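# Working through the structure, step by step
Now for the letters of each chain:
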Amino acid sequence: HTVVPERDLNTNELIYQAESPDEEALVKGAAELGLSFIDRKAEKVIIQAAATGGDGGTNLEYEILATIPFDSTRKRMSVVCRLPDGTIRIMCKGADTIVFGLLAGSEDQASLNTHLDAFARDGLRTLVLAQRDLTSSEFKIWRKKWHDAETSTGDRSQRLAEAAAEVERDLKLVGATAIEDKLQDGVPQTIADLAKAGIKLWVLTGDKMETAINIGYSCRLLTPEMYLIKMPAEKQDGPGPKNDWGITAQLEALETLVESAFMASTGSPQSTPSGTTTTSLDTDPRRTLPKPLLDDGSTAEEDVEAPHQNDFAMSEHLGLVIEGSTAVEAILGNTELENRLLRIASACRAVVACRVSPAQKRLLVQLVKDAPKRQDSSWSFERPITLAIGDGANDVGMIQEAQIGVGISGKEGRQAVNNADFAIAQFRFLKPLLLYHGRRNYRRLSKVIIYSFEKNIVLTFVLFYFQSDCAWSGTSFYESWVYSGYNFFLGLLPFCMGFFDVDIRDVTVDRYPRLYAAGLYRMDLNVTNMVYGTIESILASLLIYYLCRDAFDRAGFAWQQHGKVSDVWVFGTTVFVSMVCAMAARAILIVNSWNAIVAICLFAQAAMLYTFILFMAQANIWLDYDFYGVAYHTFGLGTFWLVSFALVPATVATLQLLIHVIHLEFFPSLNDIGMEVDHGYVDGTHKDAIDSLPLRLRSSVHELVNKFFFGTDSIKRRASLVTRESLRQLHESMTDDQRSRVGFHHNVASSYAYDAPGTGYGAGAGSDPTFSHDPNLRPSSSTTTVL
């Protein structure tokens, strides 16, 4: 191990500094058993063996001759040391699948495997220990090779691996260790809420399959009513003739299984992997296909649509458990198997990958991230955004590979934090990071982008209308300096949108995690909303220009003052001020939070506009003589204030309100209903119905715009939920042998009390009544969640 012991200067208490909490736990466990690690020198470690009576003890000095470090490929660590009696011994610890392959015999392996399985079912992390004594001559020969490999400048990694393999062989089994790795407070509830928000969760861990499954149950990623798919299947005893651990055949059978469950949910006849045909469900087939994107799967009969030809199957009651040393190793690098894995994974609510190395974690993230680029039309989602979160150095590759990397600071060190985009202290902070800040910032930025797009469309089209009136002569409509300040005069209100706007309170989002769908399904920043904004901006520009022109033409006398006749500069200034006021009114109606900051920014914006125009009208005697005095003449006209400050902004605002009312009344989205719920009512009554509402009506204008821009052949594929009843029926139609060969299981045996009540958020390890809220506790046995 790499633990460093230190003495507290005040209490003389021994404190262990470790790179990994696992190593610290093992060293402390040995101390409890009477073998205390008390000192580490340059090439020696000192162990104190407690005396029989409990007082004092004997110090044992071990000389460290060589250390073979752990890495993601080897999955083990070894040390060559000289014992106090002079014996040279290699000691090795690592994963059971690795160490078992280094043993000289297998006489004790079966017995130890039984214990390892029991530990794994209890949710414990296991390591296997083995050792072998070396002769002096054997050690001298090996030590020279090891030194040459360490000092090599070419192929150093390969030579080190070869030298390590030469000494790590014919080992004798010593035993195994099992460590309880508690969940941090709030992990189960966080994962449950993220799943309710519609986020697909993958857990990638280096633990055994049984341990990974129990961690999945304890953190509520997996639920007792779920059916699990295990890869490779339990009936697969070896690599098989294709050297793929039967993964090819299993994936083919699983595709048939998922398709059969999907057809059962739609009420159509289907074939099971066993080749038999089952009939449709007894219930109304249209009622077994819940409306997509609902949380509880409930729906009214009249709201259910028949499955579209492009629909794909997805179930809230299906989980995938895949082993890294066999299944993942066989799948990665094989394009056909990768595509099939993605199809199966997209049908599952959660994926748990166990026994995966750091390199495999990174490749799995890359596999999901690059899925749309594949020439495989059956991929279910468009442009998935991957988020990887981890707390250790073995998660760095995965964190860097994902679009968004989150590091958790704790006892695993700061490697993950240093390589992440965001750093949090505990896993439960991922929920506010995504559901509160992430959702809100997405909506704010979307609003700012679309508003900026709209106000510049208005500016451009107004100039276009003026040029059509002046015979495309290129006559300037605005004073150049005033024209350049357009976005400056409208800059404070977008600032309020981007920093202070709040559409829905955190407590409402916490109650309804499904509101996160705003960003998950790109409901705010999309082509449809851009088209909406463009059409509305064109209508606004027509009103702004032609209302001003009509007022100028029909009441020309009203624009005269003290014998001075108005010209194009007066007209242009009137249109410009009307346009800025109209766009400011639009921003006010877009902002959801009216507060003192918005009011201050609005008045400051208006003050900057009028002050700057007055200044330029006076200063332009040196810059542009034609604009000199225009502001004094214009601002002195009552007609100017009536048109620019009242008529035009009110008319444009009325248009915006009309469109908004039509949208809310006939085409409300989930966000709109969420804001009504946040205020305590839906359709005028106090009820909480948001969980049973679709994201957006499919008969809305959004669907028409999508079809117009993307065509009927490119309609986005949507999920048709496979019901638990169809999975149950399919499971019962198969024999035990068929289920084992396909890897289709239910009621996975476990001795882990993940359903035990506790004082925390969830059950199992996360709800231990004695659990301390230690921020240094890791989220879950060095597991990593990919969203």
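Residues numbered from 1 in each chain as written. Predicted model: local features only at pLDDT ≥ 70, side-chain atom pairs only at ≥ 80, totals over all residues. Heavy atoms only, no water.

### A closer look at the overall build of the chain
What counts, and what does not: Here a strand is any run of E in DSSP of at least two residues, a helix any run of H or I of at least four, and the numbering for each starts at the N terminus. Three exposure classes are used, based on accessible area relative to the maximum for each residue type with a 1.4 Å probe and protein chains only: buried under 20%, partly exposed in between, and exposed over 50%. Residue contacts are defined here by distance: any two heavy atoms, one from each residue, within 4.5 Å place the two residues in contact. Per-residue and other accessible areas were derived by the Shrake-Rupley procedure at a 1.4 Å probe size, with only the shown protein chains allowed to occlude residues.
The helix and strand inventory of the chain stands at 28 helices and 22 strands. Each of the 787 residues in the chain was classed as buried or not, and the buried ones make up 49%. In the chain, the proportion of contacts linking residues at least 24 apart, taken out of those at least 6 apart, comes to 69%. Carbon and sulfur atoms provide 55% of the accessible area of the chain, an area that totals close to 36700 Å².

### Regarding the sheet that holds strand E6 (residues 76-82)
Convention followed: Here a strand pair is declared whenever DSSP counts at least two bridges between the two strands. Angles run from 0 to 180 degrees between N-to-C directions of axes, and those axes are lines fitted to C-alpha atoms, restricted for helices to the stretch in contact.
Pairing within the open sheet is antiparallel, and its seven strands lie in the order E3-E4-E5-E6-E7-E8-E9. For this open sheet the edge positions go to strand E3 (35-40) and strand E9 (172-180), each flanked by a neighbour on one side alone. Pairwise comparison of adjacent strand axes, ignoring direction, gives a mean angle of 30 degrees for this sheet. Inspection of the sheet shows E6 paired to strand E7 (residues 88-94) by seven bridges, in the antiparallel sense. Across the sheet, residue Arg-76 finds its bridge partner in E7, namely Gly-94.

### Some details on the pattern of salt bridges
Our working definition: The term salt bridge refers to a pairing of a side-chain nitrogen on Lys or Arg with a carboxyl oxygen on Asp or Glu at a separation within 4 Å.
Under the definition given, this model contains 39 salt bridges. Between Lys-144 and Asp-148 there is a salt bridge; the shortest N-O distance is 3.2 Å. Of the two residues, Lys-144 and Asp-148 both sit in helix H4 (residues 136-150), four residues apart, roughly one turn of that helix. Since its relative accessible area comes to 54%, Lys-144 is described here as exposed.

### Overview of the nonpolar core
Where we set the bar: What we call a nonpolar core is a set of buried Ala, Val, Leu, Ile, Met, Phe, Trp, Tyr and Cys residues that are connected through their side-chain atoms within 4.5 Å.
The biggest cluster of nonpolar side chains holds 55 residues, and the ones touching the most others in it are Ile-544, Phe-576 and Met-579. For this core, the elements supplying multiple residues, two or more each, are helix H14 (430-469), helix H16 (486-489), helix H17 (492-500), helix H20 (527-554), helix H21 (568-590), helix H22 (596-623), helix H23 (630-635) and helix H24 (638-666). Here this core takes 15 residues from H21, the largest share from any one element. Apart from the residues within four sequence positions on either side, Phe-576 is in contact with Tyr-478, Val-482, Tyr-483, Tyr-486, Phe-489 and Leu-609.

### Considering the packing of aromatic side chains
Quick reminder of the rule: Here a Phe, Tyr or Trp ring, Trp counted by its six-membered ring, pairs with any other such ring whose centre lies within 6.5 Å, and the pair is stacked when the planes are under 30 degrees apart, edge-to-face when over 60, and tilted otherwise.
One pass over the full model with this rule turns up 31 aromatic pairs. Geometrically, the ring pair formed by Phe-488 and Phe-489 is edge-to-face, given 5.9 Å between the ring centres and 65 degrees between the ring planes. The class of Phe-488 is exposed, set by a relative accessible area of 53%. By relative accessible area, which is 1% here, Phe-489 ends up buried.

### A closer look at unusual backbone geometry
In this structure, the amide linkage connecting Met-231 to the following residue, Pro-232, adopts the cis form with an omega of -5 degrees. Despite not being glycine, Arg-220 shows a phi value in the positive range, around 65 degrees. Within the secondary structure, Arg-220 is located in the loop between helix H7 (209-218) and strand E11 (227-231). The class for Arg-220 is partly exposed, based on a relative accessible area of 31%.

### Structural notes on the pairing of strand E16 (residues 350-354)
When you tally the buried positions in E16, you get five out of five residues, the bulk of the element. Covered by surrounding structure in E16 are Ala-350, Val-352 and Cys-354 together with Val-351 and Ala-353, the residues of both alternating faces. Sheet topology places strand E10 (residues 201-204) next to E16; four bridges connect them, and they run parallel. Across the sheet, residue Val-203 finds its bridge partner in E16, namely Val-352. Pairing of strand E15 (residues 318-323) with E16, which is carried by five bridges, proceeds in the parallel orientation. Within the sheet, the bridge partner assigned to Ile-322 lies in E16 and is Ala-353.

### Comments concerning the side chain of Ser-78
As a reminder, the rule being used: Two N or O atoms count as a polar contact when they lie within 3.5 Å, although within protein this holds only if one can serve as hydrogen donor and the other as acceptor, and sequence-adjacent residues are included solely when both atoms are side-chain atoms.
Within the secondary structure layout, Ser-78 lies in strand E6. Judged by its relative accessible area of 1%, Ser-78 falls in the buried class. A distance of 2.4 Å separates a polar atom in the side chain of Ser-78 from a polar atom in the side chain of Glu-168. If sequence neighbours within four positions are ignored, Ser-78 has contacts with Ala-66, Thr-67, Ile-68, Ile-90, Met-91, Cys-92 and Glu-168.

### Notes on the environment of Phe-427
Residue position: Phe-427 is located in the loop between strand E19 (422-424) and H14. Expressed as a C-alpha distance, the spacing of Phe-427 and Pro-188, which sit 239 residues apart in the sequence, is 10.0 Å.

### Topic: helix H9 (residues 324-331)
With six of eight residues buried, H9 is to be regarded as a mostly interior element. Considered for burial, the residues of H9 that qualify are Gly-324, Thr-326, Ala-327, Val-328, Ala-330 and Ile-331. Two residues or fewer after H9 comes Gly-333, characterised by a positive phi angle close to 95 degrees.

### Side note on the confidence of the model for the chain
Condition: Per-residue confidence from the prediction method is given by pLDDT, with values spanning 0 to 100.
Taken as a whole, the chain shows an average pLDDT of 78; of its residues, 78% reach a score of 70 or greater. This model gives residues 684-689 a pLDDT under 50, and the stretch forms seven contacts once residues within four places in sequence are excluded. In the model, residues 709-719 has pLDDT below 50 throughout and makes 27 contacts with residues more than four positions away in sequence or in other chains.

### A look at the environment of Thr-58
The residue Thr-58 is located in strand E5 (residues 57-68) in this model. As a C-alpha pair, Thr-58 and Ile-46 span twelve residues in sequence and 9.9 Å in three-dimensional space. With residues near it in sequence (within four places) discarded, Thr-58 still touches Ile-47, Gln-48 and Ala-49.

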